[in-house]
Amino acid sequence: MLPPALQILWVYPAYSISFILSCLWYQEIADCALAMRSEEPSAKARAISFRQWTRLVASEAYRAVLFLYFLLITLFVGQIPFLGPTISFFMLSWLNAFYCFEYRWLHDAWTITRRTDHVEKRAAYFAGFGVTFAAVGAFLPYFVGATLFALAFPLLLVLGVQAHPRRSTVRLPIFAAPKWLADLSTRLVVPQPAKR
């Protein structure tokens, strides 16, 4: 174990800087992978109107609330005896896979509803796709897991851009509870127009 002063003055700043740089590089990697599909520039490179921009901001705010609830539910489910940790593990698998595919979906201008529906209709595929990251997070110390995640994420991002998962026969409502909570939160925060 490193002394606390070394962690505060060296490890945490180095981790924070590398995390920020990685996020910037991930977008470049995604753009290159999308270019390999010989497609048009990413959605962020296209000119958008103010109305489209406000919708994008609202969608990303909703996405953040949705995933906050998803993570809180994952933590809660993990506390349930016997099956809870296993269910929580697979929930993290789905979330990690979602992140790997999200660059492509944003490029294709998919709504958050379409993205979550896509994962729910292919739950087995996405559980398997994200299981590597879930295992790294579950079984390794935090900084070791974060390092392996940062190294492997670009590869899985490229695979996510190129993959075409097939639809399952069964739809698993993975995001049903987080969507319900996010919708409820939105209705409480955003004023609804008066009915005439």
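Residues numbered from 1 in each chain as written. Predicted model: local features only at pLDDT ≥ 70, side-chain atom pairs only at ≥ 80, totals over all residues. Heavy atoms only, no water.

Notes on the packing of helix 5 (residues 123-139) against helix 6 (residues 142-162)
Next, step 1: Running from N to C, helix 5 and helix 6 cross one another at 175 degrees; their axes reach a closest spacing of 10 Å. As judged from the angle between their axes, helix 5 and helix 6 are roughly antiparallel. Contacts between helix 5 and helix 6 involve Phe129, Phe133 and Val136 from the first element and Gly145, Leu148, Phe149, Ala152, Phe153, Leu156, Leu159 and Gly160 from the second.
Next, step 2: Taken together, the residues that form the contact of helix 5 with helix 6 break down as 9 nonpolar, 2 polar and no charged. (Axes fitted to C-alpha atoms, helices over the stretch in contact; angles between N-to-C directions. Helix = DSSP H or I, 4+ residues; strand = E, 2+ residues; numbered from the N terminus. Parallel < 35°, antiparallel > 145°, perpendicular 65-115°, else oblique. Contact = heavy atoms within 4.5 Å. Nonpolar A, V, L, I, M, F, W, Y, C, P; charged D, E, K, R; others polar.)

Points about the side chain of threonine 116
Next, step 1: Counting through the fold element by element, threonine 116 comes out in helix 4 (residues 112-120).
Next, step 2: The class for threonine 116 is buried, based on a relative accessible area of 1%.
Next, step 3: Polar contacts involving the side chain of threonine 116 include one to the side chain of lysine 179, which spans 2.9 Å.
Next, step 4: For threonine 116, the residues in contact, after removing those within four places along its chain, are Leu66, Phe98, Phe175 and Lys179. (Buried < 20%, exposed > 50% of the residue type's maximum accessible area, 1.4 Å probe, protein only. Polar contact = N/O pair within 3.5 Å; in protein donor to acceptor, adjacent residues only side chain to side chain.)

Some thoughts on unusual backbone geometry
Next, step 1: Of note, phenylalanine 82 is a non-glycine position whose phi angle comes to about 70 degrees, a positive value.
Next, step 2: For phenylalanine 82, the location among the structural elements is in the loop between helix 2 (50-78) and helix 3 (84-107).
Next, step 3: Notably, alanine 109 is not glycine yet its phi reads approximately 60 degrees, a positive angle.
Next, step 4: Mapped onto the elements, alanine 109 comes out in the loop between helix 3 and helix 4.

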